[in-house]
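What follows is the residue order along each chain.
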Amino acid sequence: MSTSRLPEREQRILNEIERALSRDRRLVRRLRSPRGRRRPDLSRVASYAPRVWTVAVLLAVAVGLMVAGIVTSEPVVIWAFAAVWPVALFSGFRLLCRWTES
């Protein structure tokens, strides 16, 4: 790999490409934004404070899916229960923690 400068023609082409890219506002905005933004914000999860009706609905849906899964043995219903149940439990525990702190 040589460290010499580009020929004049190639340097002109490179400059044109750079100018065209610098005019793209969307690209400039994306390059300026911080890279760490895609990581989940765990402080939001830890500060989650569910309402009573949210927990009640989640638990009702989870119990309904559990009963439907037992009765029908359909994989879709069982997977839906597996997806809803942890969320319902987490919400219930967060609600209980909030009540006991008060």
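Within each chain, residues carry numbers counting from 1 in the order of the written sequence. Residues qualify for local features only when their pLDDT is at least 70, as the model is predicted, and side-chain atom pairs are given and counted only at 80 or more; totals for whole chains, interfaces and linings, by contrast, use all residues. Hydrogens and waters are ignored; side-chain quantities use all the structure's heavy atoms.

Here we come to a nonpolar patch on the surface. Residues enter patches when their relative accessible area tops 30% and they take part in no salt bridge; the joining distance is 9 Å for like charges and 5 Å for the nonpolar side chains Val, Leu, Ile, Met, Phe, Trp and Tyr. Accessible areas in this description were obtained via Shrake-Rupley with a 1.4 Å probe; residue shielding takes into account the shown protein chains only. The salt bridge criterion pairs a side-chain nitrogen of Lys or Arg with a carboxyl oxygen of Asp or Glu, the two atoms within 4 Å. Residues Val52, Leu59, Trp85, Leu89, Phe93, Leu96 and Trp99 make up a contiguous nonpolar surface patch of roughly 650 Å² in combined accessible area. Strands are runs of DSSP state E lasting at least two residues, helices are runs of H or I lasting at least four, and both sets are numbered from the N terminus onward. Every element with two or more residues in the nonpolar patch is listed here: α4 (52-72) and α5 (75-101). Per-element accounting of the nonpolar patch gives the leading share, 5 residues, to α5. Inspection of the secondary structure puts leucine 89 in helix α5. Relative accessibility under 20% of the residue-type maximum defines a buried residue, over 50% an exposed one, and the middle range a partly exposed one, all with a 1.4 Å probe and only protein chains included. In this structure leucine 89 comes out as partly exposed when scored by relative accessible area, which is 32%.

With that settled, consider the packing of aromatic side chains. Put simply, two rings from Phe, Tyr or Trp (the six-membered ring, in Trp's case) pair if the centres are within 6.5 Å, and we call them stacked under 30 degrees between planes, edge-to-face over 60, tilted for the rest. Throughout the structure, instances matching the rule amount to 1 aromatic pair. Arranged with centres 5.7 Å apart and planes meeting at 25 degrees, the rings of phenylalanine 81 and tryptophan 85 form a pair that is stacked. With a gap of 4 residues between them, phenylalanine 81 and tryptophan 85 both fall in helix α5, about one helical turn apart.

The subject of this paragraph is α4. The span you would expect from a helix comes to 1.5 Å times its residue count less one. Here α4 spans 30 Å end to end across 21 residues, near enough to the 30 Å set by a 1.5 Å rise per residue. Considered for burial, the residues of α4 that qualify are Val55, Ala62, Leu65 and Gly69. The arc enclosing the buried residues of α4, seen along the axis, measures out at 100 degrees, which places them on a common side. Exposed and facing more than 90 degrees away from the buried side of α4 are Trp53 and Val71. Taken together, the buried residues of α4 touch α5. Within two residues after α4, serine 73 carries a phi angle of roughly 60 degrees, on the positive side. This arc corresponds to the set of directions leading from the helix axis out to the C-beta atoms. Any two residues whose heavy atoms approach within 4.5 Å at even a single point are treated as in contact.

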